Amino acid sequence: MPQVAARITNEQEKWLKDYFRTKSAGAEFILPWVVDTFFRAITSIKHSFSDSELALIIAAHKNLRIQPDNSSGDYLRLRVEDACNTNQLHNVYGISRETLEAKLCRLNNTDATALMVWAAAFWVSKNCSADNISEYIKQY
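None of the values given here were measured: they were computed from a predicted structure.

A. Layout of the nonpolar core. Core analysis: the biggest nonpolar cluster contains 31 residues, and Phe-49, Ile-57, Leu-76, Val-80, Leu-104, Leu-115 and Trp-118 have the highest contact counts within it. Looking at this core, the elements with two or more residues in it are helix H2 (23-46), helix H3 (51-60), helix H4 (73-87), helix H6 (97-105), helix H7 (109-124) and helix H8 (133-139). The residues contacting Leu-104, other than those within four sequence positions of it, are Phe-49, Ile-57, Leu-76, Arg-77, Val-80 and Leu-115.

Written as structure tokens, this is what we have:
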């Protein structure tokens, strides 16, 4: 099985040691579960949005690093609203702000966070650039 080196906080390390025999055992349990949960959420979520809406969400997450304390539905809606207000992204992508906001409001915090991580990941992926957002939407 491939090895992954992840940075965790002291609090997270303590939690893993408290709940599992070792930190590694905890990480080996948690990481695959999180990855599977993320991909199931993204697969489901993407069917609720048009490609243009997803492209707008990706554009709204350029140069954004997702932090645990700003991963929620409220923050996602704020991020998209700000991008529309500042850069008129709803006009750029030809979509209704009201329709997009209604769809975003239906997401729970876990789904909203998955969507934010997916959108922000586009900008740090070695295989993606602003020229191939549509390819990213279809493939990932």
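B. Expanded view of the side chain of Glu-53. Topologically, Glu-53 is positioned in helix H3. Within the structure, Glu-53 has its side chain in polar contact with the side chain of Lys-103 (distance 2.7 Å). Every residue in contact with Glu-53, bar those within four places of it in the chain, is listed here: Ser-48, Ile-95, Thr-99, Leu-100 and Lys-103.

C. Expanded view of the packing of helix H1 (residues 10-19) against H2. Packing of H1 against H2 brings their axes to within 8 Å, and their N-to-C directions diverge by 95°. Judged by the inter-axis angle, H1 sits roughly perpendicular to H2. Two secondary-structure elements touch here, H1 through Glu-13, Trp-15, Leu-16 and Lys-17 and H2 through Lys-23, Gly-26, Ala-27 and Ile-30. Each residue belonging to the contact of H1 with H2 can be placed in one class, and the counts come to four nonpolar, one polar and three charged.

D. Layout of H3. Most of H3 is tucked away: seven of the ten residues are buried. Taken together, the buried positions of H3 are Glu-53, Leu-54, Ala-55, Leu-56, Ile-57, Ile-58 and Ala-60. Looking at the buried positions of H3, the neighbouring elements they touch are H2, H4, helix H5 (89-92), H6, H7 and H8.

E. Expanded view of the pattern of salt bridges. Taken as a whole and assessed by the stated rule, the structure comprises five salt bridges. Among the charged side chains, a salt-bridge network with shared partners connects Glu-13, Lys-17 and Lys-23.

F. Inspection of the state of the cysteines at higher detail. Scanning all chains against the criterion turns up zero disulfides. As a non-bridged cysteine, Cys-84 has Cys-105 as the owner of its nearest cysteine sulfur, 13 Å distant. Residue Cys-84 is classed as buried on the basis of its relative accessible area, which comes to 3%.

G. Up close: H4. An ideal rise of 1.5 Å per residue puts 21 Å on 15 residues; H4 measures up with 21 Å between its terminal C-alpha atoms. The complete set of buried residues in H4 reads Gly-73, Leu-76, Val-80, Ala-83 and Cys-84. Each buried residue of H4 lies within a common arc of 100° when the element is viewed along its axis, so the set occupies one face. Along H4, exposed side chains directed more than 90 degrees from the buried face belong to Asp-74 and Thr-86.

Criteria and thresholds
- Residues numbered from 1 in each chain as written.
- Predicted model: local features only at pLDDT ≥ 70, side-chain atom pairs only at ≥ 80, totals over all residues.
- Heavy atoms only, no water.
- Core = buried A, V, L, I, M, F, W, Y, C linked by side-chain atoms within 4.5 Å.
- Buried < 20%, exposed > 50% of the residue type's maximum accessible area, 1.4 Å probe, protein only.
- Helix = DSSP H or I, 4+ residues; strand = E, 2+ residues; numbered from the N terminus.
- Contact = heavy atoms within 4.5 Å.
- Polar contact = N/O pair within 3.5 Å; in protein donor to acceptor, adjacent residues only side chain to side chain.
- Axes fitted to C-alpha atoms, helices over the stretch in contact; angles between N-to-C directions.
- Parallel < 35°, antiparallel > 145°, perpendicular 65-115°, else oblique.
- Nonpolar A, V, L, I, M, F, W, Y, C, P; charged D, E, K, R; others polar.
- Salt bridge = Lys/Arg side-chain N within 4 Å of Asp/Glu carboxyl O.
- Disulfide = S-S within 2.5 Å.
- Expected span 1.5 Å × (residues − 1).
- Arc of directions from axis to C-beta.

This is a description of form; function is not addressed.
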